[in-house]
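Residues per chain, in single letters:
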Amino acid sequence: MYEWIKALHVIAVIAWMAGMLYLPRLFVYHCQADVGSKQSETFKTMERRLLKAIINPAMIVTWLAGLYLAWAGHWLAAGWFHGKFLLVLLLSGVHGFFARLVKDFAADRNTRSEKFYRVINEVPTVLMIGIVILAIVKPF
Ligand code: HEM
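Residues numbered from 1 in each chain as written. Predicted model: local features only at pLDDT ≥ 70, side-chain atom pairs only at ≥ 80, totals over all residues. Heavy atoms only, no water.

(A) Geometry of a nonpolar patch on the surface. Nonpolar side chains collect at one region of the surface, where I129, V132, I133, I136 and V137 lie side by side and expose about 460 Å² of accessible area between them. Position of V137 among the secondary structure elements: in helix α5 (residues 123-137). (Patch = residues over 30% accessible without salt bridge, like charges linked within 9 Å, V, L, I, M, F, W, Y side chains within 5 Å. Areas by Shrake-Rupley, 256 points an atom, 1.4 Å probe, with all protein chains shown as cover. Salt bridge = Lys/Arg side-chain N within 4 Å of Asp/Glu carboxyl O. Helix = DSSP H or I, 4+ residues; strand = E, 2+ residues; numbered from the N terminus.)

(B) View of the coordination of the iron atom of the ligand. The protein atoms that coordinate the iron atom of the ligand are H9 (NE2) and K84 (NZ), at distances spanning 1.7 to 2.1 Å. Taken together, the 6 donor atoms surrounding the iron atom of the ligand define angles of 86 to 177 degrees at the centre, an arrangement classified as octahedral. Taken together, the residues span a long stretch of sequence, with H9 in helix α1 (residues 2-30) and K84 in helix α3 (residues 79-106) at a distance of 75 residues. With relative accessibility at 11%, the residue H9 sits in the buried group. (Donors = N, O, S within 2.8 Å, 3.2 Å for Na, K, Ca; no water. Tetrahedral: all angles 85-135°; square planar, octahedral: opposite > 155°, others 65-115°. Buried < 20%, exposed > 50% of the residue type's maximum accessible area, 1.4 Å probe, protein only.)

(C) Just α5, in detail. Here α5 spans 21 Å end to end across 15 residues, near enough to the 21 Å set by a 1.5 Å rise per residue. Positive backbone phi, approximately 45 degrees, marks K138, located one or two places after α5. (Expected span 1.5 Å × (residues − 1).)

What follows is the structure in C-alpha cells.
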C-alpha cells in the first residue's frame, strides 16, 4: 500500500510542478498582450484552466498522499521531513500567490512587469530542487 501511495504522490507532484513551471511563463507572455485583445483573452482561458483543472487538484492529491506517507512511514520526527515540510509550505504559498495573479489578470488588473514574471518563474524550480534532494538523499 505504501509504495502505491508513493507512486500516486510522485505522479501528483509531476502534475503540480508542470503547472507551477508553466503558469508563470504564461504570465510573461500575457503581460505583453494589450488589454482587451484576443490574445489577452486566450491567455486568461489558458491560465484559468491550468489552475483549476491541473494545478489545484494536483496540489491536493500531493498533500493528501504526502501526509499519508509521513504518517504511515513514521517520518514525522525526521530532520529531512521538517526541512521538506518547510519548503513545501513555501511552494504552497507561491501557489496561492499565482492563484491571485490569475485573478488579477482575469480582471485586467495586472501591474507587474515582464521582468518580475521572469524572476518568479524560477522560484518553484529552486524549491523543487531542494524538496527532491531532501526527500531522496535525506541528508539529515
Ligand atoms: C505536500 C506536502 C508533502 C508531503 C507531506 C510529503 C511527504 C513525503 C513523504 C513522507 C515521502 C516518503 C519518503 C520515503 O518513503 O522515503 C515522500 C516522498 C517523495 N516526495 Fe513528497 N511530500 C510532499 C510534497 C512533495 C513535493 C512538492 C515534491 C516535489 C517537488 C515531493 C517529492 C517527493 C519525492 C520525489 C518522493 C519520493 C522519495 C523516495 O522514493 O525515496 N513531495 N513525500
